[in-house]
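Each chain, letter by letter, is given below.
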Amino acid sequence: MGQRAALLVVDVQNDFCPGGALGVPHGDAIIPRTNRTIALFQRRSLPVIFTRDWHPKVTKHFKEFGGAWPPHCIQGTKGARFHSDLEIPKGAIVLSKGMDPEVDSYSGFQAFTENGRDLESALHELGVDELFICGLATDYCVRATTLDGLRRGMTVRVLRDAIRGVEVKPGDSEMAVKEMRANGAHLLESRGLAKILPKA
Ligand code: VGL
Ligand code: ZN
């Protein structure tokens, strides 16, 4: 029995791209590769899922209220929108996270669809047990989502050329990559994926 794969594109939003409120250095550089990977999954009829950071104005996630971050990805603002170069297929599943003002969360497994469905149940319904992950930021949401997927027994493959980190401290991304790998994640290049990706 093969596994069923899906692509999870994490938080490719304006505020995480250069010029945004929490700009990830070269965050937008992953977009062409991400788009090619999205197109590949679509050609194979494999699910493509997007997460977005989606914060209220007041949340413990923000510095002003006890958290670590400048305000970013505030619901309904331009900064919270997906980058305009990101090619989101019609009917793609979008999950939002970070809505609870009391909770400082990073994982896509704490994200919900418009109908209140969480990632784990969405994946279950699609029969997915193998996740390919790309997006922003390596050292926060990509890391947390990957570790959560592994904890749930999924196969997780991280597209190392299609992730970028915030790097609050230099080396944070490298450390996150090592940690993901130590916990069982596979790291691979998006280029060449066509050869190894199973058909739906
Ligand atoms: C993220 C920092 C704060 C992320 C979200 O998506 O990686 N990082 N909020
Ligand atoms: Zn955030």
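Look a little higher up for the structure.
Sequence order as written defines the numbering, with residues in each chain counted from 1. Each chain is given a letter, starting from A, and each ligand a number, starting from 1, according to the order in which they appear as written. Local features in this predicted model are restricted to residues whose pLDDT is 70 or higher, and side-chain atom pairs enter the listing and the counts only when it is 80 or higher, whereas totals over whole chains, interfaces and linings include all residues. Calculation of side-chain values draws on the structure's entire complement of heavy atoms; hydrogens and water are dropped beforehand.

Undergrad: Where do I start with helix H3 (residues 138-151) in this structure?
TA: Two residues of an α-helix separated by three or four positions point the same way, owing to the 3.6 residues in each turn. For H3, the buried fraction is high: eleven of the 14 residues fall into the buried class. Here's how the labels work: a residue is buried when its accessible area is under 20% of the maximum for its type, exposed when over 50%, partly exposed in between, all with a 1.4 Å probe on protein chains only. Numbered from the N terminus, helices here are DSSP runs of H or I no shorter than four residues, and strands are runs of E no shorter than two. Looking only at H3, the buried set comprises Thr138, Asp139, Cys141, Val142, Ala144, Thr145, Thr146, Leu147, Asp148, Gly149 and Leu150. The contact criterion used is simple: two residues touch if any of their non-hydrogen atoms lie within 4.5 Å. For H3, the elements touching its buried residues are strand S1 (5-10), strand S3 (93-97), strand S4 (130-136), strand S5 (155-164) and helix H4 (172-182). Phi turns positive one or two residues past the end of H3, at Gly153, with a value near 85 degrees.

Undergrad: In this structure, what is going on with the coordination of the zinc ion (ligand 2)? I would like to understand it.
TA: Six octahedral donors around a metal ideally subtend angles of 90 or 180 degrees, whereas four tetrahedral donors ideally subtend 109.5 degrees. Here the coordinating atoms are restricted to nitrogen, oxygen and sulfur within 2.8 Å of the metal centre, or 3.2 Å for Na, K and Ca, and because water is not among them the sites may look incomplete. Around the zinc ion (ligand 2), the protein contributes the donor atoms Asp53 (OD), His55 (NE2), His61 (NE2) and His72 (NE2), which lie 2.0 to 2.2 Å from the metal centre. Spacing between the donor residues of the zinc ion (ligand 2) along their common chain follows D-x1-H-x5-H-x10-H. The class of His61 is buried, set by a relative accessible area of 3%.

Undergrad: For this particular structure, what's the right way to read the sheet that holds S5?
TA: Strand pairing in a sheet is mediated by backbone hydrogen bonds. Such pairs are either parallel or antiparallel. In space, the six strands of this open sheet follow the order S3-S2-S1-S4-S5-S6, with parallel pairing throughout. A strand with exactly one partner marks an edge of an open sheet, and here the two such strands are S3 and strand S6 (186-188). Within this sheet the neighbouring strands show an average axis-to-axis angle of 25 degrees, counted without direction. Only when DSSP finds a minimum of two bridges between them are two strands counted as paired. One ladder, built from five bridges, connects strand S2 (residues 48-53) with S3; its direction is parallel. All axes are obtained by fitting lines to C-alpha atoms, using only the stretch in contact for helices, and the reported angles, taken between N-to-C directions, cover 0 to 180 degrees.

Undergrad: Can you help me understand the pattern of salt bridges in this one?
TA: Oppositely charged side chains are able to pair whenever their charged atoms sit close together. We define a salt bridge as a side-chain nitrogen of Lys or Arg found within 4 Å of a carboxyl oxygen belonging to Asp or Glu. Across all of its chains, the model carries 13 salt bridges by this definition. Between Lys97 and Asp53 there is a salt bridge, with the nearest N and O atoms lying 2.9 Å from each other. Placement of Lys97 in strand S3 and of Asp53 in strand S2 is noted, with a sequence separation of 44 residues between them. Asp53 carries the same exposure label as Lys97, and that label is buried. Of the charged contacts in the structure, one is a salt bridge between Glu102 and Lys60, with a shortest N-O distance of 2.6 Å. Linking Glu102 in the loop between S3 and helix H2 (119-126) with Lys60 in the loop between S2 and S3, this pair joins segments that are 42 residues apart in sequence. Look at Lys60 and you get partly exposed, because its relative accessible area is 41%.

Undergrad: What am I meant to see in the pairing of S5 here?
TA: Regular strands show a simple pattern: their side chains alternate between the two faces of the sheet. Counting buried positions along S5 yields seven of ten residues, so the element is predominantly enclosed. Note: S4 against S5, six bridges, orientation parallel. Paired with Ile133 across the strands is Val158, a residue of S5. Handedness of the S4-H3-S5 crossover: right-handed. Of the strand pairs in this sheet, S5 and S6 are connected by three bridges, and their pairing is parallel. Bridge pairing links Val158 to Leu187 in S6. Handedness of a crossover: with both strands directed away from the viewer, a clockwise path from the first strand across the helix to the second marks it as right-handed. Taken together, S5, H4 and S6 form a β-α-β motif whose crossover is right-handed.

Undergrad: It is not clear to me how the environment of Phe109 should be interpreted in this structure. Could you clarify?
TA: Mapping Phe109 onto the fold places it in the loop between S3 and H2. According to the relative accessible area criterion, Phe109 is buried, its value standing at 6%. Between the C-alpha atoms of Phe109 and Val24, which are 85 residues apart in sequence, the distance is 22 Å.

Undergrad: Teacher, can you tell me more about the site of ligand 1 here?
TA: A single heavy atom is enough: if one lies within 4 Å of a molecule or strand, its residue is considered near that molecule or strand. Among the 13 residues in the neighbourhood of ligand 1, the closest are listed as Asp11, Asp53, His61, Ala137 and Cys141. Identification of polar contacts relies on pairs of N or O atoms within 3.5 Å, with a donor-acceptor requirement for protein atoms, meaning one able to donate a hydrogen and the other able to accept it, and with residues adjacent in sequence counted only if both atoms are side-chain atoms. Here His61 contributes a side-chain N or O atom positioned 3.0 Å from a nitrogen atom of ligand 1. In this structure, His72 approaches ligand 1 through a side-chain N or O atom, which is 3.1 Å from a nitrogen atom. Surface accessibility in these figures is a Shrake-Rupley result with a 1.4 Å probe; residues are shielded only by whichever protein chains are displayed. Burial of ligand 1 by the surrounding chains reaches 100%, relative to a free accessible area of 260 Å². Each residue is assigned to one class: nonpolar for Ala, Val, Leu, Ile, Met, Phe, Trp, Tyr, Cys and Pro, charged for Asp, Glu, Lys and Arg, and polar for all the others, Gly among them. The residue makeup of the shell around ligand 1, split by class, is eight nonpolar, two polar and three charged.

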